[in-house]
Amino acid sequence: MLSFSGKRLLGLGHRVSAAAVVGRGYHERVVDHYDNPRNVGSFDKNDSSVGTGLVGAPACGDVMKLQIRVDEESGKIVDACFKTFGCGSAIASSSVATEWVKGKKMEEVLSIKNTEIAKHLSLPPVKLHCSMLAEDAIKAAVKDYEAKKAKHLGNAEAAQVEKA
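Here the residue index of a chain counts from 1 through its sequence in written order. The predicted origin of the model limits local features to residues at a pLDDT of at least 70 and limits the giving and counting of side-chain atom pairs to 80 or more, whereas totals for whole chains, interfaces and linings rest on all residues. Processing note: side-chain calculations cover all non-hydrogen atoms of the structure and skip hydrogens and water entirely.

Going by the annotation in an unreviewed UniProt entry, the name recorded for the protein is Iron-sulfur cluster assembly protein, with Musa troglodytarum given as the source organism. UniProt positions are given in the numbering used here, feature names are shortened, and annotations may be inferred rather than shown by experiment. Taken directly from UniProt, the Function (unreviewed entry) text for the protein runs: "Scaffold protein for the de novo synthesis of iron-sulfur (Fe-S) clusters within mitochondria, which is required for maturation of both mitochondrial and cytoplasmic [2Fe-2S] and [4Fe-4S] proteins."

Right, here's the structure in full:
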């Protein structure tokens, strides 16, 4: 049985009716992504085709882990997942981010801005930091993947030098 924290991490914690949440100023898209988060889960962080972005907001305690799986030949993101410990807006922002990065090239996802996520979810100003976390998590996942790729290429080049 999951603890309250575990349920909150997966967006399964204390449930409030959708009508009550929408009545408090959350857009129906936030409620939908909170109630039915897309792409919850995790990949093996040691997999060379996986980039992991782990970001947090000390002010509110939200922590977001977003992972991408990249097809090394095409350079496209073929899958994405997240785990977020935070409020409904943080969970919704993570969920949207994973949907938006799938099928795109690395350069394309770096152009996704928090303002686009916030606008899509109609986040109130007090919740804009949630969309900023999602943007930061995307950038961190891409950076991690590129660092792994560079290290892998460096090791391959070193092995070829040793053979020569």
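Peer 1: Give a detailed account of the overall build of the protein, specifying residues and quantitative values.
Peer 2: Secondary structure elements are taken from DSSP: a helix is a run of H or I of four residues or more, a strand is a run of E of two residues or more, and numbering for both begins at the N terminus. When you go through the protein residue by residue, the secondary structure sums to seven helices and three strands. Only protein chains enter the area calculation, which uses a 1.4 Å probe; residues under 20% of their type maximum are buried, those over 50% are exposed, and those in between are partly exposed. For the protein, the residues scored as buried account for 37% of the 164 residues in total. It only takes one pair of heavy atoms within 4.5 Å for two residues to be counted as in contact. Within the protein, residue pairs in contact and separated by at least 24 positions form 60% of the contacts whose partners lie at least 6 positions apart. If you sum the accessible surface of the protein, you get close to 9,000 Å²; carbon and sulfur atoms cover 56% of it. Note on areas: Shrake-Rupley with a 1.4 Å probe; residue coverage comes only from the protein chains shown.

Peer 1: Outline the packing of helix α3 (residues 28-35) against helix α4 (residues 88-101), listing residues and values.
Peer 2: To obtain each axis, a line is fitted to C-alpha atoms, and for helices this fit is confined to the stretch in contact; angles are then taken between N-to-C directions over 0 to 180 degrees. Relative orientation of the contacting elements α3 and α4 amounts to 85°, with a least axis distance of 8 Å. Our classification of the angle between α3 and α4 gives roughly perpendicular. In this structure, α3 uses Val 30, His 33 and Tyr 34 to contact α4, whose residues at the interface are Gly 88, Ser 89, Ile 91, Ala 92, Ser 95, Val 96 and Glu 99. In what follows, roughly perpendicular refers to angles from 65 to 115 degrees, roughly parallel to angles under 35, roughly antiparallel to angles over 145, and oblique to any angle outside these ranges.

Peer 1: Can you break down unusual backbone geometry residue by residue, with the values?
Peer 2: A positive phi angle is found at Asn 39, which is not glycine, with a value near 65°. With respect to the helices and strands, Asn 39 occurs in the loop between α3 and β1 (50-57). Assessed through its relative accessible area of 21%, Asn 39 is described here as partly exposed. A positive phi is found at Ser 122, a non-glycine position, where the angle reads about 55°. Along the chain, Ser 122 turns up in the loop between α6 (114-121) and α7 (128-163).

Peer 1: Pulling in residues and values, what's your account of the pairing of strand β3 (residues 77-85)?
Peer 2: Criterion used throughout: strands pair if DSSP finds at least two bridges between them. Sheet topology places strand β2 (residues 62-70) next to β3; eight bridges connect them, and they run antiparallel. Bridge pairing in β3 places Val 70 opposite Ile 77. Between β2 and β3, which pair antiparallel one after the other, the connecting turn spans six residues, and Gly 75 there sits at a positive phi close to 80°.

Peer 1: Just give me the short version of the state of the cysteines, but keep the residues and values in it.
Peer 2: A pair of sulfur atoms, both from cysteines and within 2.5 Å, is called a disulfide here. All chains considered together, the criterion is met by zero disulfides. This cysteine, Cys 60, is not joined by any disulfide, and Cys 130 carries the nearest cysteine sulfur, 6.0 Å off.

Peer 1: Lay out the packing of aromatic side chains with the relevant residues and their values.
Peer 2: When two rings of Phe, Tyr or Trp (its six-membered ring) have centres within 6.5 Å they constitute a pair, described as stacked for plane angles under 30 degrees, edge-to-face for angles over 60, and tilted for the intermediate range. Within the structure shown, the criterion is met by zero aromatic pairs. The criterion for a charge sitting over a ring is simple: Lys NZ or Arg CZ within 6 Å of the ring centre, and within 35 degrees of the ring normal. The side chain of Arg 69 reaches across the aromatic face of Phe 43, ending 4.2 Å from its centre.

Peer 1: Please set out the sheet that holds β2 residue by residue, giving values where relevant.
Peer 2: On the basis of which strands lie adjacent, the open sheet formed by three strands has the order β1-β2-β3 and antiparallel pairing. If you trace the sheet from one side to the other, it starts and ends with β1 and β3, each paired once. Looking at each pair of strands side by side, their axes are set apart by 15° on average, direction ignored. With respect to the sheet, α4 is in contact with β2 and β3, its orientation differing from that of β3 by roughly 175°.

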